[in-house]
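# Architecture at a glance
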Amino acid sequence: MEWKWTVEALIALFALIISIISLIKSWQAKDMTNKLTDEANMLTKGQVEIQIREMISAARHRYSEMGCKFLNKEAMDEMANNFINSATEDYLNAYDEACAKYLDGKVDKKRFKKLYFNEIKNLVEHEQTKEKYIGPQTRFQDTVDVYNEWCKGN
């Protein structure tokens, strides 16, 4: 009878050891999964940042093209004004989209501020574009929110 208790105790001890090993392995797997998830999130943020830069660059290029094309002409017809207004809207929308991603936490906030602080400040304060950011009815609220966060400490 004593050997039966000994065998049962050994089996229980063996089961306990297996459970502890399984618990340790599951913690290690969880840590590895968290590390991989963090790396994937960083890659995703990097891709979003690249897309933002490409979007802004394309809009800036179009904006510059339109500005240069009609800069020295004395009389701009209605179509030229429409092209310039459209290019301006695309340009400001690109920044607003980038600011929306910043506010949603889809980009590295420190790097975003480092890259775009001056550009966003200039857009909101520049004579040619500041009227687009004034008032409660602005179409570029995300840009205004980022500007206020950075420049006014809100």
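## A word on helix α3 (residues 109-125)
At Tyr 116, α3 shows its strongest bend, of approximately 55°. Within α3, burial applies to Phe 112, Tyr 116, Ile 120, Leu 123 and Val 124. Where α3 begins, the capping side chain belongs to Asp 108, and its oxygen is found 3.2 Å from the backbone nitrogen of Lys 110.

## With respect to the nonpolar core
With 23 residues, the main nonpolar core has Ile 52, Ile 56, Tyr 95, Phe 112, Tyr 116, Ile 120 and Tyr 133 as its most contacted residues. Elements with a contribution of two residues or more to this core: α1 (2-70), α2 (78-103), α3 and α4 (141-151).

## A short note on the side chain of Thr 138
For Thr 138, the position within the fold is in the loop between α3 and α4. Separated by 2.7 Å, the side chain of Thr 138 and the backbone oxygen of Lys 132 make a polar contact. Here the side chain of Thr 138 touches Phe 140 through a polar contact of 3.1 Å, landing on its backbone nitrogen. Not counting the four nearest positions on each side in its chain, Thr 138 is found in contact with Lys 132, Tyr 133 and Val 144.

## A closer look at the pattern of salt bridges
Scanning all chains against the criterion turns up five salt bridges. The closest approach of N and O atoms between Glu 89 and Lys 132, which form a salt bridge, is 2.8 Å. Here Glu 89 is found in helix α2, whereas its partner Lys 132 is found in the loop between α3 and α4, with 43 residues between them in sequence. Note on Lys 132: relative accessible area 29%, which makes it partly exposed. Taking the shortest distance from any N to any O, the salt bridge between Glu 89 and Arg 139 comes out at 2.4 Å. One end of the pair, Glu 89, is in helix α2; the other, Arg 139, is in the loop between α3 and α4, with 50 residues separating them in the sequence. Residue Glu 89 is classed as buried on the basis of its relative accessible area, which comes to 15%.

## Concerning the packing of aromatic side chains
Summed over all chains, the structure comprises seven aromatic pairs. Taking the centre distance of 5.4 Å and the plane angle of 80° together, the rings of Tyr 91 and Tyr 95 count as edge-to-face. You can see Tyr 91 and its partner Tyr 95 sitting in helix α2, four residues apart, about one turn around the helix. Centre to centre, the rings of Phe 112 and Tyr 116 are 4.7 Å apart; their planes meet at 45°, and the pair counts as tilted. Of the two residues, Phe 112 and Tyr 116 both sit in helix α3, four residues apart, roughly one turn of that helix. Members of the aromatic cluster, joined through ring pairs, are Tyr 102, Phe 112, Tyr 116, Phe 117 and Trp 150. The ring of Tyr 102 has Lys 109 lying over it, and the distance from NZ or CZ to the ring centre is 4.7 Å.

## Section: the packing of α3 against α4
Between α3 and α4, the shortest axis-to-axis distance is 10 Å and the interhelical angle comes to 110°. As far as their axial angle goes, α4 and α3 are roughly perpendicular. Residues Phe 112, Lys 113, Tyr 116, Phe 117, Ile 120, Lys 121, Val 124 and Glu 125 of α3 touch α4, and the partners they reach there are Thr 143, Val 146, Tyr 147, Trp 150 and Cys 151. Among the residues forming the contact of α3 with α4, the class breakdown is nine nonpolar, one polar and three charged.

## A word on the layout of surface pockets
Considering only enclosed or pocket space, the second largest pocket measures out at about 150 Å³ in volume. Considering the residues around the second largest pocket, the lining is formed by Arg 60, Tyr 63, Tyr 91, Tyr 95, Glu 119, Asn 122, Leu 123, His 126, Gln 128 and Thr 129. When residues of the lining of the second largest pocket are traced back to their parent elements, those giving at least two are α1, α2 and α3. Considering every element that reaches the lining of the second largest pocket, the biggest residue donor is α3, with three residues. Across the lining of the second largest pocket, the residue classes tally to four nonpolar, four polar and two charged.

Here is what the cut-offs are and how they apply
- Residues numbered from 1 in each chain as written.
- Predicted model: local features only at pLDDT ≥ 70, side-chain atom pairs only at ≥ 80, totals over all residues.
- Heavy atoms only, no water.
- Bend = angle between axes of the 7 residues up to and from the residue.
- Helix = DSSP H or I, 4+ residues; strand = E, 2+ residues; numbered from the N terminus.
- Buried < 20%, exposed > 50% of the residue type's maximum accessible area, 1.4 Å probe, protein only.
- Polar contact = N/O pair within 3.5 Å; in protein donor to acceptor, adjacent residues only side chain to side chain.
- Core = buried A, V, L, I, M, F, W, Y, C linked by side-chain atoms within 4.5 Å.
- Contact = heavy atoms within 4.5 Å.
- Salt bridge = Lys/Arg side-chain N within 4 Å of Asp/Glu carboxyl O.
- Phe/Tyr/Trp six-rings, centres within 6.5 Å; stacked < 30°, edge-to-face > 60°.
- Lys NZ or Arg CZ within 6 Å of the ring centre and 35° of its normal.
- Axes fitted to C-alpha atoms, helices over the stretch in contact; angles between N-to-C directions.
- Parallel < 35°, antiparallel > 145°, perpendicular 65-115°, else oblique.
- Nonpolar A, V, L, I, M, F, W, Y, C, P; charged D, E, K, R; others polar.
- 1 Å grid on protein atoms, 1.4 Å probe; cavity = no way out; pocket = protein on both sides within 12 Å on 5 of 7 lines; lining within 4 Å.
- Points joined across faces, edges and corners; volume = space filled by probe spheres on them.

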